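Remarks on the overall topology
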Amino acid sequence: MCSTRTSKEPGSRTFFLWAGLWVACFLGWGCAGDGPAPRLSGDDQTLRLAIPSDINSLDPAEAYDVVSWPLVRTMFHGLVDYDDHLDLIPWQSESWSISEDGRVLTFTLRPGIRFSNGRFVTAEDYVYTLTRILDPATRSPGQWLFRNIEGAGVFQDGKADRVKGLSAPDARTFRIELIQPDLTFLHVLAMPFAYPVPKEEVAKHPQDFFAHPVGTGPFVLEKWQRGTYLRFEPNPSFTGADTKLRSIDVRVGGDETLHMMMFERGEIDIASITATGIPAPDFVRVMKDPVLSRQVESQPLNATYYLSLNTEMPPFDDVRVRRALNHAIDRERIVRLISDRGIVAKGVLPPGMPGFKTDRTGYAYDPPKARALLAEAGFPTGFETELQMVAQNDTESKIAQVVQQDLEKIGIKTGLKPVTGATRIETLGRRRTVPFGTFAWYQDYPDPSNFLDVLFNGERITEVNSNNVAFYDNPQVNALLRQAAHSTDMTARLELYRQAEDLIVDDAPWVFLYHPKMYILRQPWLKGLKLNPVWPFRFERMWIE
Amino acid sequence: MATRIFYRLLWGIVVLWGATTITFFVAHAVPSDPARVYAGANADAETVARIRKEMGLNDPLSTQYARYLGRLIRGDMGVSLVTGERVSEAIGTRLPTTLALAVTAVVLWMALSVPIGAFTALHRGRPLDRGVLVVATIAISLPVFWLARTLQYYLGYKSGIFPVAGMTSWKHILLPALTLAIVTAGYYARLVHTGMVETLNQDYIRVARAKGVSEPRVLFKHALRNGILPVVTVLGLDVATLLGGVVFTENVFALPGIGTLALQSVFTLDAPMIMGVVIFSAVMVVGANLLVDLLYGWIDPRIPHP
């Protein structure tokens, strides 16, 4: 029965099968490209970054998150931008004027600006860009910001083939006519949605311009290996201030802990470019480390973390209950628990926002007062409720546990309902669905309307996908917000917003928790990183030294 | 035999249809709105409503299902609702990484488990065998995410022997593969052990020994081929599972594979991508089952072909 092994025997075949598969998949992977080098090599001008998951889009009409935006801004520039004091300044416009009634904005474009395909930018490109955002087929998440343009509605409904309020009288003049005067519209134009794209390049890639971006910024996308890495290189057609960086390499994947390891091994230049910044488990160690702590940069963000109290659902339809909850929760403890990476909120607006009221006192931590308010509302022994929160989020888990403990002290038994981020966003915005939930709001632009009008205007309540997740509707507040929205006097409108915020805080549709602070850890050789509350990361200004 | 294979394939199609249908309705039963996820937290209700319409999400579920199935039959798995990427391309781009991880892991764990299983079978009941059993049990019980992070910390971050994470060279695959190999090799070693113990008691082995065949030759030439038969079934299914994506390992090591794609799709409720990954995994499992049946007949001609 003994026989000599030949190459036809199963053992050999199996070996060759496995070996062949192994070689084939490595060849397959190898053909995909080299990717960024694993370690920083001396003084080359390559900025190395890592992000937790792949970005959704590099099309400025589609990208709408804190990770995509700074990358989009390396390739696209727009009419206006912010200086370090958050004042609007001309960027790719030379100047602008606003008509007396505040409805017409006229921009003169800077000459000599070219797209990365070499073509000069004209005013028609801006007409095309904003029309494209409003085109339903583009599915731009930013279309809501541009509906105040004259003719936007009829265009979106398919009753007109152009947006009446957008025009280009000549190659360097771009005119926007608004339905209502709106002082915030310049802020909207500073958002990446409004950065120009060339029509001919979109036509070349109608389905995937997001992966073939062509803009007017200092960088171009050199390679995007989906799920693995992105590489940006200088735009040869760029005529603005020269950037010292020769490339930006972005690795995709891994969580904050992994990125911290990569940072400490010198593989990346910034530990995290998400809003979280330094991961919580490492924060105390980093801040106590004599070397690492010198590499930390921080910036309060224009954002507010809060607990939403659905004012249409009992028992939160009673203002006394809502106030009781505001008095019952120890915000300072929450801030301590997140390693002081936040500022206790006394109202809606964060300190960096115009209209912020410095002398606002908010709700003091006062459990006896909370109990008295509950008793007054008919709940002397408390009640049972459920707090919806996102399970994967460590910060929210900590907040939820503090809330649970604090409310227990005044007799409110709080069950925790963990959901995914996707479920939270849908259910919280659905009317009469979630009584009590954690949430946060990050600004779109630095104006109080982006908080107060969007989140508390009762006239904006919708059955589903409402941003007013407390379903708060106070006619007095609505009137103030309406008046402020149409005001062309900045001082007067800020005062109107302060009055509106006073009423909102008094009505307590939220438990105002804290305003987050971003802490960033950079390598000592990385220069030019200056955090900004609107654009925390401006990569094009950085260099390696 | 061809008829049998045909029927097996037909049955495979029925299984795939079942998996597709269940996944489709489960994905749509989750209380969430893909249009809202795509539009982001700040977009207003009208924007979300318009995006919903453009995505075709306002149609009745049955219409959406029929449309999806129709496209699928034509080989079109659709487009991601979140990234706009074609689902088939997304899977194709991630497959080499997952395949490299799966093959390397299998090679490693087989290289560990077969000699260990054969050796302990020879020394059955002795202290060495019991010691290996304890180690194998511990290895089987290790949570993969914990082991992955531990190996990553000590062998990657601390010592620098392996890259910490990512997929920029072949070295990046070794540590994740080792993670999978450690947690799996113990189980396979026990499978080989059991198979070998049974085989070593067979008459033909005694005959071979009586004829003076050397012990290594008895073991590796005569006994192993029959002793590893149980491994083939399990291995086929395990490889299929690995190709369907190794969620924890890929995520800890930031590998751009099918597992990472699956997880991201679930978090963003990207229904076409979720369904694409599920269908792909189902194809792998159905295919692996068929392959295992064929391999059985190939390895042991006494077993009838399917």
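About the thresholds
Residues numbered from 1 in each chain as written. Chains lettered and ligands numbered in written order. Predicted model: local features only at pLDDT ≥ 70, side-chain atom pairs only at ≥ 80, totals over all residues. Helix = DSSP H or I, 4+ residues; strand = E, 2+ residues; numbered from the N terminus. Buried ≥ 20, exposed ≤ 12 C-beta atoms within 10 Å, placed from the backbone. Rg over C-alpha atoms; globule rule 2.2 N^0.38 Å. Contact = placed C-beta atoms within 7 Å. Pairing = 2+ DSSP bridges. Axes fitted to C-alpha atoms, helices over the stretch in contact; angles between N-to-C directions. Expected span 1.5 Å × (residues − 1). Domains from an automatic or database assignment. Nonpolar A, V, L, I, M, F, W, Y, C, P; charged D, E, K, R; others polar. Core = buried A, V, L, I, M, F, W, Y, C linked by C-beta atoms within 7 Å. Parallel < 35°, antiparallel > 145°, perpendicular 65-115°, else oblique. Left-handed = near helix turned anticlockwise from the far one by under 90°.

**A look at the overall build of chain B**
Across its full length, chain B holds 14 helices and 0 strands. Shown N-terminal to C-terminal, the secondary structure of chain B runs as helices and strands in the order α-α-α-α-α-α-α-α-α-α-α-α-α-α. For chain B, the C-alpha atoms occupy an extent of roughly 85 × 55 × 30 Å along the three principal directions. For chain B, with 306 residues in total, the buried portion stands at 47%.

**Structural notes on the overall build of chain A**
In terms of helices and strands, chain A carries 16 helices and 19 strands. What you see for chain A is a C-alpha radius of gyration of 26 Å, in line with the 24 Å of a compact globule of 545 residues. Based on the C-alpha atoms only, the size of chain A along its principal axes is roughly 90 × 80 × 50 Å. Taken over 545 residues, chain A has a buried fraction of 47%. Here the analysis covers contacts within chain A between residues at least 6 apart in sequence; of these, 69% occur between residues at least 24 apart.

**Structural notes on the sheet that holds strand β8 (residues 219-225) of chain A**
All names here are of chain A. Taken together, 4 strands build an open sheet; the order of strands is β1-β10-β9-β8 and the sheet is mixed. Edge positions in the sheet fall to β1 (46-51) and β8, since each of these pairs with one other strand and no more. Here the strands of the sheet are splayed against their neighbours by 15° on average, with no regard to which way each runs. Relative to strand β10 (residues 247-252), β1 runs parallel, the two sharing 6 bridges. The partner of threonine 46 across the bridge, within β10, is serine 247.

**Side note on helix α16 (residues 490-507) of chain A**
Residue and element names in this part refer to chain A. For α16, with 18 residues, the first-to-last C-alpha span of 26 Å sits near the 26 Å given by 1.5 Å per residue. Along α16, the residues that are buried comprise Arg493, Leu496, Tyr497, Ala500, Glu501, Ile504, Val505 and Asp507. Taken from the residues just after α16, alanine 508 is the one with a positive phi, measuring 50°.

**Some remarks on unusual backbone geometry**
Outside of glycine, negative phi angles account for most residues, and trans bonds account for most peptide bonds. The linkage connecting Pro314(A) with the following residue, Pro315(A), adopts the cis geometry, with an omega of 5°. For Pro315(A), the location among the structural elements is in the loop between β12 (303-309) and α9 (319-328). Of note in the backbone geometry, Ala508(A) takes a positive phi value of approximately 50° without being a glycine. Relative to the assigned elements, Ala508(A) resides in the loop between α16 and β17 (510-521). Ala508(A) gets classed as buried once you count the C-beta atoms within 10 Å, which come to 24. The phi dihedral of Ala254(B) is positive, around 50°, even though this residue is not glycine. Looking at the element boundaries, Ala254(B) is found in the loop between α12 (247-252) and α13 (258-267).

**Things to note about the domain arrangement of chain A**
All names here are of chain A. Domain annotation of chain A identifies domain 1 (29-53 + 218-299 + 522-544), domain 2 (80-209) and domain 3 (303-517). Of note, the centres of domain 1 and domain 3, computed from C-alpha atoms alone, are 34 Å apart. The interface is formed by 7 residues belonging to domain 1 together with 6 residues belonging to domain 3. Residues of the side of domain 1 that touches domain 3, tallied by class, amount to 5 nonpolar, 2 polar and no charged.

**What to know about the interface of chain B and chain A**
With 55 residues of chain B at the interface, the matching set in chain A holds 52 residues. Elements that contribute at least two residues to the side of chain B that touches chain A include exactly α2 (34-39), α3 (45-55), α5 (87-122), α13 and α14 (271-299) of chain B. Top contributing element to the side of chain B that touches chain A by residue count: α5(B), with 10 residues. For the side of chain B that touches chain A, the residue count by class is 33 nonpolar, 14 polar and 8 charged.

**Notes on the nonpolar core**
Membership of the largest hydrophobic core comes to 229 residues, with the highest contact counts inside it found for Leu130(A) and Leu513(A). If you tally residues by element for this core, the top one is α5(B), at 17 residues. Setting aside chain neighbours within four positions, we find Leu130(A) in contact with Phe146(A), Ile149(A), Val163(A), Leu166(A) and Ala194(A).

**Regarding the domain arrangement of chain B**
Residue and element names in this part refer to chain B. According to the domain assignment, chain B consists of domain 1 (2-73) and domain 2 (87-299). For domain 1 versus domain 2, the separation of C-alpha centres amounts to 32 Å. Listed by partner, the interface residues are 14 residues for domain 1 and 12 residues for domain 2. Within the residue set of the side of domain 1 that touches domain 2, elements represented by two or more residues are α1 (2-29) and α2. Examining the composition of the side of domain 1 that touches domain 2, we find that 10 residues originate from one element, α1, more than from any other. Along the lines of polarity and charge, the residues of the side of domain 1 that touches domain 2 split into 8 nonpolar, 5 polar and 1 charged.

**Let's talk about the sheet that holds strand β4 (residues 93-98) of chain A**
All names here are of chain A. Read across the sheet, 4 strands follow the order β4-β5-β7-β6 without closing on themselves; strand pairing throughout is antiparallel. At either margin of the open sheet sits one strand with a lone partner, and together these are β4 and β6 (166-170). Ignoring strand direction, the axes of neighbouring strands in this sheet form an average angle of 20°. Of the strand pairs in this sheet, β6 and strand β7 (residues 173-177) are connected by 3 bridges, and their pairing is antiparallel. Following the sheet pairing, serine 167 is matched in β7 by arginine 175. The strands touched by helix α3 (residues 123-134) within the sheet are β5 (104-109), β6 and β7, with β6 carrying the most contacts at an inclination of about 175°.

**Comments concerning the environment of Met75(A)**
Residues and elements named next belong to chain A. Mapped onto the fold, methionine 75 is located in helix α2 (residues 68-75). Residue methionine 75 is classed as buried on the basis of its C-beta count, with 24 C-beta atoms lying within 10 Å. Separated by 133 residues in sequence, methionine 75 and aspartate 208 place their C-alpha atoms 16 Å apart. With sequence-adjacent residues up to four places away left out, methionine 75 is seen in contact with Leu58, Pro213, Gly215, Gly217, Phe219, Val220, Leu221 and Phe232.

**A look at the packing of α5(B) against helix α11 (residues 229-243) of chain B**
Residue and element names in this part refer to chain B. Following both chains from N to C, one finds α5 and α11 inclined at 150°, their axes separated by 9 Å at the closest point. Taken together, α5 and α11 sit at an angle that is classed as roughly antiparallel. At the point where α5 passes α11, the crossing takes the right-handed sense. Contacts from Thr98, Leu99, Ala102, Ala105 and Val106 in α5 reach Val239, Leu242 and Leu243 in α11. Across the contact of α5 with α11, the residue classes tally to 7 nonpolar, 1 polar and no charged.

**Regarding the environment of Asp366(A)**
Residue and element names in this part refer to chain A. Note on placement: aspartate 366 falls in the loop between β13 (342-344) and α11 (367-376). Under the C-beta neighbour-count criterion, aspartate 366 is labelled partly exposed, with 15 such atoms within 10 Å. C-alpha of aspartate 366 to C-alpha of threonine 106: the two residues are 260 residues apart in sequence and 53 Å apart in space.

**Some words on α2(A)**
Counting buried positions along α2(A) yields 6 of 8 residues, so the element is predominantly enclosed. Looking at the buried positions of α2(A), the neighbouring elements they touch are β8, β9 (229-234) and β10 of chain A.

**Description of the pairing of β4(A)**
All names here are of chain A. Two elements, β4 and β5, share 5 bridges in a ladder whose sense is antiparallel. Residue serine 93 lies in a different strand from β5, and its bridge partner there is leucine 109. Hairpin connection of β4 to β5: 5 residues between the antiparallel strands, including glycine 102 at a positive phi of 75°.

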